[in-house]
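# Analysis of the macromolecular model
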Amino acid sequence: MRHILLLGGTTEASALATALAARGERATLSYAGRTEHPRAQAIPIRVGGFGGVEGLADYITREGATHLVDATHPFAAQISANAIAAAERASVPLLALTRPEWVDCPGDRWTRVADTEQAVDALGPDPTRVFLALGRQTIGDFASAPQHFYLLRFVDAAAPPALPRHHLVVDRGPFTLGGELALMSEHRIDVIVAKNAGGSGARAKLDAARELGLPVVMIDRPFIPPRPQVSSVAAVLGWLDHGVVRGV
């Protein structure tokens, strides 16, 4: 019986886990463990890192995993690169389930940057009110610009970040246009900093920015080596059944 190792932490991974459970597949969902209270899942889970490429390859072999699906966040470049190398080392097929990137539309005011360091520079020297829609991992990079006010939103409570002027909202998506408009208006936001994560659950902040005429500093996705990838659960199931990837 095949055993699917699913690298998760995204909405897409949860949807795939549910679909695999409905089909009676043997599957394990692996989390990095950064969220204190992850959602309940329909398949067994494991939490924590693997110890690099060698550790992941050893886990695949030890647990008898026959297929590896990488449904991690588009900015989880290291684990995705490790998955490519580990799949090759363990001689198992790999498929990435990833969201299409967001693209700017008429009326959007995007400034595209390569990383958080460039995002800090793009805010400029004058104090402004920033919706920092990034998650907690890269918040510390903005400590070098303490003149700004930062609105933060995490999925769970966390230790206070090293930002002297900030407000933390604890909430979990998907978010609505109305809710994002109200949040930005309440905190008098001037600019949004976001990662180009794609997907629908966090898209509303960009729609709200367009409606309010606010600029967005958009951080581009990091480089990940080429790999087979699809953008839907149905495509992953088709790959499992037929070993064919269509529409890469």
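So, here's what we can say about the structure. (Residues numbered from 1 in each chain as written. Predicted model: local features only at pLDDT ≥ 70, side-chain atom pairs only at ≥ 80, totals over all residues. Heavy atoms only, no water.)

## Thoughts on the pattern of salt bridges
Condition: One speaks of a salt bridge when a side-chain nitrogen belonging to Lys or Arg is within 4 Å of a carboxyl oxygen belonging to Asp or Glu. Exposure classes here rest on a 1.4 Å probe applied to the protein chains alone. A residue is buried below 20% of its type maximum, exposed above 50%, and partly exposed in between. Secondary structure is summarised from DSSP: a helix means a run of H or I of at least four residues, a strand means a run of E of at least two, and numbering begins at the N terminus for each.
Under the counting rule described, the total for this entry stands at twelve salt bridges. Between Arg-23 and Glu-25 there is a salt bridge; the shortest N-O distance is 3.1 Å. When its relative accessible area of 36% is taken as the criterion, Arg-23 is described as partly exposed. A residue is classified by how much of its surface remains accessible, and Glu-25, at 14% relative accessible area, is buried. Residues Glu-180 and Arg-153 are paired through a salt bridge, measuring 2.7 Å at the closest nitrogen-oxygen approach. Of this pair, Glu-180 sits in helix α5 (residues 177-186) while Arg-153 is found in strand β8 (residues 149-154), placing the two residues 27 residues apart along the sequence. For the pair Glu-180 and Arg-153, one class covers both residues: buried.

## Some words on the layout of surface pockets
Filter applied, for reference: A cavity here means a set of 1 Å grid points, computed over protein atoms only, where a 1.4 Å probe fits but cannot escape. A pocket is an open set with protein on both sides within 12 Å along at least 5 of 7 lines, and lining residues have an atom within 4 Å of a point. Grid points are joined across faces, edges and corners, and a volume is the space filled by probe spheres set on the points. Any residue outside Ala, Val, Leu, Ile, Met, Phe, Trp, Tyr, Cys, Pro, Asp, Glu, Lys and Arg is labelled polar, Gly included; the first ten of those are nonpolar and the last four are charged.
Taken as a whole, the second largest pocket holds about 170 Å³ of empty space. What lines the second largest pocket is simply Pro-74, Thr-98, Glu-101, Arg-221, Pro-222, Phe-223, Ile-224, Arg-227 and Gln-229. Looking at the lining of the second largest pocket, its residues break down into four nonpolar, two polar and three charged.

## Considering the sheet that holds strand β7 (residues 129-133)
Our working rule: By the convention used here, strands pair only if DSSP detects at least 2 bridges between them. Working convention: axes come from line fits to C-alpha atoms, limited for helices to the stretch in contact. Angles between N-to-C directions cover 0 to 180 degrees. Whether two residues touch is decided by their heavy atoms; if any such pair falls within 4.5 Å, the residues are in contact.
Taken together, six strands build an open sheet; the order of strands is β6-β11-β10-β7-β8-β9 and the sheet is parallel. Looking along the sheet, the strands with just one partner apiece sit at the ends: β6 (110-113) and β9 (166-170). Adjacent strand axes in the sheet meet at a mean angle of 20°, parallel and antiparallel pairs treated alike. As defined by bridge partners, β8 adjoins β9 across five bridges and the pair is classed as parallel. The residue bridging Phe-154 from the neighbouring strand is Val-170, located in β9. Sheet strands touched by helix α4 (residues 116-123): β6, β7, β8, β10 (191-195) and β11 (216-219). Its angle to β11, the strand with the most contacts, is close to 165°.

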